[in-house]
Amino acid sequence: MIRQYRWMVLGPLAVVLVVLVAAGTGAILWQAHGEFRRLFGAQVAAVQSSWQTVLNREAAMLGAPLEALKRDATLRQLYLFGQREAILEYLQPLFHALQYDYRITHLYVHLPDGTNYVRAHEPHLYGDRITRHTLMEAARTGFPSIGLELGPFGTLTLRTVHPWFGETGELLGYFELGEEVAHILRHLHHDLRVELFILLNKAFLDRDAWEQGARMLGREPDWDLLPDTVLLGQQLGQESAAHIPLLAERAQDPDAATSHSLGGRNWRVASLPLSDAGGRNVGELAIVADYSEQTRQLYRLAVWVVSLGILMGGGVWLLCWGILYQIENRLQRVNAAKTYYEEIARRDSLTGLYTQKEFYALLELEIERARRYGHELCLMMLDIDHFKQVNDTWGHQTGDLVLRQTTEIIRHHIRPFDELARYGGEEFALIVPHTAMPEAKQIAERIRQTVAAATFFVAHDGVHNGTLANPGSTDSEARAGPEKSLRVTLSIGVSTCSPACASPQAMVAAADRALYRAKHIGRNRVVAAELPELM
C-alpha cells in the first residue's frame, strides 16, 4: 500500500518535471522564433513605410515640373494655335532634362476629351484615347490625380495628371508625367538590406504584350515561371533567378509560414499588396530576407536545451510511465460511468426520451434563444387517447409497446433539432424551434394521421411481440402465432411563444389547455392555443 501511494506521488511529480523541461525548451525556442518574426515583421513594416514614403516623395517631385508647364505662356500659345510639332520640339529638351534629373520616363499632353495630343517619350504615337484612372479622376474632380498605373507591357508607373486651365478658367487639356518604379526597389534594397520583387497579377496583363515588353528591355520572358503572377519586366534576369523558387513556393501556399529553406539557407518571405490608382489589387511587393545565420544559432540552442531536458526528465518519465497509464485507464472508466449515469438520469428508461425535468430545462433555453434572436418557437403537448383502456384491456406490456412505437412514429416526423420528451404517463411534449404556428400545426397533423393509421399487433396471451405495421401490411413473418391488432389516436395541443410569453410553465399551460379542448371536442385532433391563452 505504501509503495502504491509512493508511485502515485512520484508519477505526477515526474509529469511536472517533464512539463517544466518541455515548457522551458518550448519557451526558449518560441521566444527565438518570435524574435525572428518580430525582426522580419519590423523589416516588412519598414519596407511598407519606406515604399509609401518614397512614392509620396516622388509624387510631390513630379508635381513641380507640371506646375511650371501649366504656367508656360509659350507652350500655351503653341497649344492654342494647334502647333503639335512645335510643342513636341519645345518639350523635348525639357523631357530629357527631367529624365536625367528626376528619372521621368513619360511626358504627355492630352486634349480635354482625353485624346493624347503629344507623347514626348514616343513622338510618333498620338491620337489615341486615354482611359487610365488617373486621367479620369483628374477630369472628374478638376484637381491633380496621382497613383500607380499598370502598363500593357508589364510596367508599373507612378503617374501624376494635372488639369491645364486657360487664363479665363476654361479647360485646355491635361499634362501627365510618369515615372517607372523599378528604381525605387533598388533604393529600398540598399537602405533596408532585403531583396524586393514586384509580382504582377496575370489577370491584368496580356501575355503577348508582356513578353514583347520584356524583350524590349533586353530580357528573356518566361510567362509560366510563377503560377498567377509575373515579375516586373525590369527585374527579369540572372539577379532574380536565385529567388524564383522561393517566390514560386510561396505562390503555391501564400498562407503558409514565412520561413522557407532553399540551397541550404533559411529565408523569410512576405508580401505586401500593390494597388493601382483605381484600387485594383494588381500585384504584390515580395520581400525576401536571409535568416540562415540566425537559424543556425537557434538550432545549436535547441540541441543544447533538448539534451539537458532529456537528461533531467527522461529517467523520471520512464519510471512513472506505468502508473500514469493505469491512472489514465481508471479515469477513463470513471468518466465513462459518470457520462452513462448522467444520461440515464436525463432519459426516460422506457422510451429513451428526455424526462420532464430535462424538458423544462430545454424549453427554458429555447425560449431564451427565441427572445434573443427573434425566432419562432412552438410547443406541442401530445396525449394518447384512451390509453388507460389499452392498459386495462391488453395489459401494461402492450401499453409499453404502444408508448415505444408511438415514440418512434413521432421521431420519424420531426427534425434533428426538435426536442421530444415524455412529459408523464401517456403524454409527450415536443419543442419545435424556428417554426411558426401554421407549420407546427402541419407537423402535428402529420404525426396525428400517422399514429391513427398505424396498427399494433398483440398476441392473444397478452404478450406483445413488438410489431407495428401500416394498414394493408402483409408481413406475416414478423407476427408468429395468434394475435389481435389495435390502433390508438393522439390528441395534440399546440402553443407558440408570444412576445409576452413569461415562462416555460406559461407555454406548457397554453398547450395543455389546447390539448384539453382537443380531448373535449372529440379527441384525435390538433388544436392550437388561442391568442388570449398565449398572453
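So, here's what we can say about the structure. (Residues numbered from 1 in each chain as written. Predicted model: local features only at pLDDT ≥ 70, side-chain atom pairs only at ≥ 80, totals over all residues. Heavy atoms only, no water.)

With that settled, consider the overall build of the protein chain. Secondary structure assignment for the protein chain yields 15 helices and 18 strands. When burial is assessed residue by residue, the protein chain has 44% of its 535 residues classed as buried. Taking contacts inside the protein chain between residues at least 6 apart in sequence as the whole, the part at least 24 apart equals 62%. Surface summary for the protein chain: the accessible area is close to 28400 Å², and the carbon and sulfur share equals 56%. (Helix = DSSP H or I, 4+ residues; strand = E, 2+ residues; numbered from the N terminus. Buried < 20%, exposed > 50% of the residue type's maximum accessible area, 1.4 Å probe, protein only. Contact = heavy atoms within 4.5 Å. Areas by Shrake-Rupley, 256 points an atom, 1.4 Å probe, with all protein chains shown as cover.)

As a further point, take the sheet that holds strand E2 (residues 116-119). Read across the open sheet, the five strands follow the order E2-E1-E5-E4-E3; overall the sheet is antiparallel. Every interior strand has two partners, whereas the edge strands, E2 and strand E3 (145-150), have only one. Each neighbouring strand pair of the sheet contributes to a mean axis angle of 25°, computed without reference to strand direction. Note: strand E1 (residues 106-110) against strand E5 (residues 171-180), five bridges, orientation antiparallel. Looking at the pairing, Val 109 lines up with Phe 175 of E5. Strands E1, E2, strand E4 (156-165) and E5 of the sheet are contacted by helix H2 (residues 73-80), whose axis makes an angle of about 115° with E5. Strand contacts of helix H3 (residues 84-102): E1, E2 and E5, with the helix running at about 55° to E2, the strand carrying the most contacts. (Pairing = 2+ DSSP bridges. Axes fitted to C-alpha atoms, helices over the stretch in contact; angles between N-to-C directions.)

Buried within helix H6 (residues 207-216) are the following residues: Ala 209, Trp 210, Glu 211, Gly 213 and Ala 214. Where H6 is buried, its residues meet strand E7 (229-231). Its side-chain oxygen at 3.3 Å from the backbone nitrogen of Asp 208, Asp 206 defines the N-terminal cap of H6. Gly 218 sits one or two residues past H6 and shows a positive phi near 80°. (Polar contact = N/O pair within 3.5 Å; in protein donor to acceptor, adjacent residues only side chain to side chain.)

The next point concerns the packing of aromatic side chains. A complete count under the given rule lists six aromatic pairs for this structure. Aromatic pair Tyr 79 and Tyr 117: ring centres 5.6 Å apart, planes at 85°, arrangement edge-to-face. Highlighted residues: Tyr 79 in helix H2 and Tyr 117 in strand E2, separated in sequence by 38 residues. Residues Tyr 79 and Tyr 117 agree in their burial class; the two are buried. Relative to Tyr 423, the ring of Phe 359 lies with its centre 5.8 Å away and its plane at 85°, an arrangement referred to as edge-to-face. Of the two residues, Phe 359 sits in helix H10 (residues 356-373) while Tyr 423 sits in strand E12 (residues 419-424), which places them 64 residues apart along the sequence. With respect to burial, Phe 359 and Tyr 423 carry one shared label: buried. Chaining the aromatic ring pairs together yields one cluster made of Tyr 79, Tyr 117, Trp 164 and Phe 175. Sitting over the face of the ring of Tyr 354, Arg 347 holds its NZ or CZ atom 4.0 Å from the ring centroid. (Phe/Tyr/Trp six-rings, centres within 6.5 Å; stacked < 30°, edge-to-face > 60°. Lys NZ or Arg CZ within 6 Å of the ring centre and 35° of its normal.)

This part covers the packing of H10 against helix H14 (residues 504-520). For the pair H10 and H14, the least separation of the axes is 9 Å and the interaxial angle reads 105°. Judged by the inter-axis angle, H10 sits roughly perpendicular to H14. When H10 is examined against H14, the residues Phe 359, Tyr 360, Leu 363, Glu 364 and Ile 367 are found in contact with a partner set consisting of Pro 504, Gln 505, Met 507 and Val 508. Of the residues that constitute the contact of H10 with H14, the class distribution is seven nonpolar, one polar and one charged. (Parallel < 35°, antiparallel > 145°, perpendicular 65-115°, else oblique. Nonpolar A, V, L, I, M, F, W, Y, C, P; charged D, E, K, R; others polar.)

Those residues of H2 lying buried are Leu 75, Arg 76, Leu 78 and Tyr 79. Considered in projection along H2, the buried side chains sweep an arc of 165° and stay on one side of the axis. Where H2 begins, one side-chain oxygen reaches toward the backbone nitrogen of Thr 74, 3.0 Å away; that side chain belongs to Asp 72. (Arc of directions from axis to C-beta.)

In space, the five strands of this open sheet follow the order E7-E6-E10-E9-E8, with antiparallel pairing throughout. Whereas interior strands pair on both sides, the edge strands pair on one side only; in this sheet they are E7 and strand E8 (259-262). Between one strand axis and the next, the sheet turns by 35° as a mean value, whatever way the strands run. Pairing geometry for strand E9 (residues 265-275) and strand E10 (residues 281-290), over nine bridges, is antiparallel.

Moving on: the pattern of salt bridges. Scanning the entire structure with this criterion turns up 22 salt bridges. Of the charged contacts, one joins Glu 368 and Arg 372 as a salt bridge, the two residues approaching to 3.7 Å between their closest N and O atoms. With Glu 368 and Arg 372 both in helix H10 and four residues apart, the pair spans about one turn of that helix. For Glu 368, a relative accessible area of 36% puts it in the partly exposed group. Look at Arg 372 and you get exposed, because its relative accessible area is 56%. Salt-bridge contacts for Glu 408 lead to Arg 411; the nearest nitrogen and oxygen are separated by 3.2 Å. Separated by three residues within a single helix, Glu 408 and Arg 411 lie in helix H12 (residues 396-412), roughly one turn from each other. (Salt bridge = Lys/Arg side-chain N within 4 Å of Asp/Glu carboxyl O.)

Right, let's get into the layout of surface pockets. As a volume, the largest pocket reaches approximately 660 Å³. Within the residue set of the lining of the largest pocket, elements represented by two or more residues are E1, E3, E4 and H6. For the lining of the largest pocket, the residue count by class is eight nonpolar, eleven polar and nine charged. (1 Å grid on protein atoms, 1.4 Å probe; cavity = no way out; pocket = protein on both sides within 12 Å on 5 of 7 lines; lining within 4 Å. Points joined across faces, edges and corners; volume = space filled by probe spheres on them.)

With that settled, consider the pairing of strand E11 (residues 377-384). Burial analysis of E11 places eight of its eight residues in the buried class, which makes it a mostly covered element. Of the two faces of E11, the one lined by Leu 377, Leu 379, Met 381 and Asp 383 and the one lined by Cys 378, Met 380, Leu 382 and Ile 384 are each fully buried. As paired strands, E11 and strand E13 (residues 427-433) are joined by seven bridges and run antiparallel to one another. Directly across from Leu 382, in E13, lies its bridge partner Phe 428. Here E11 pairs with strand E17 (residues 490-496) via seven bridges, running antiparallel.

Purely geometric numbers; function is a separate question.
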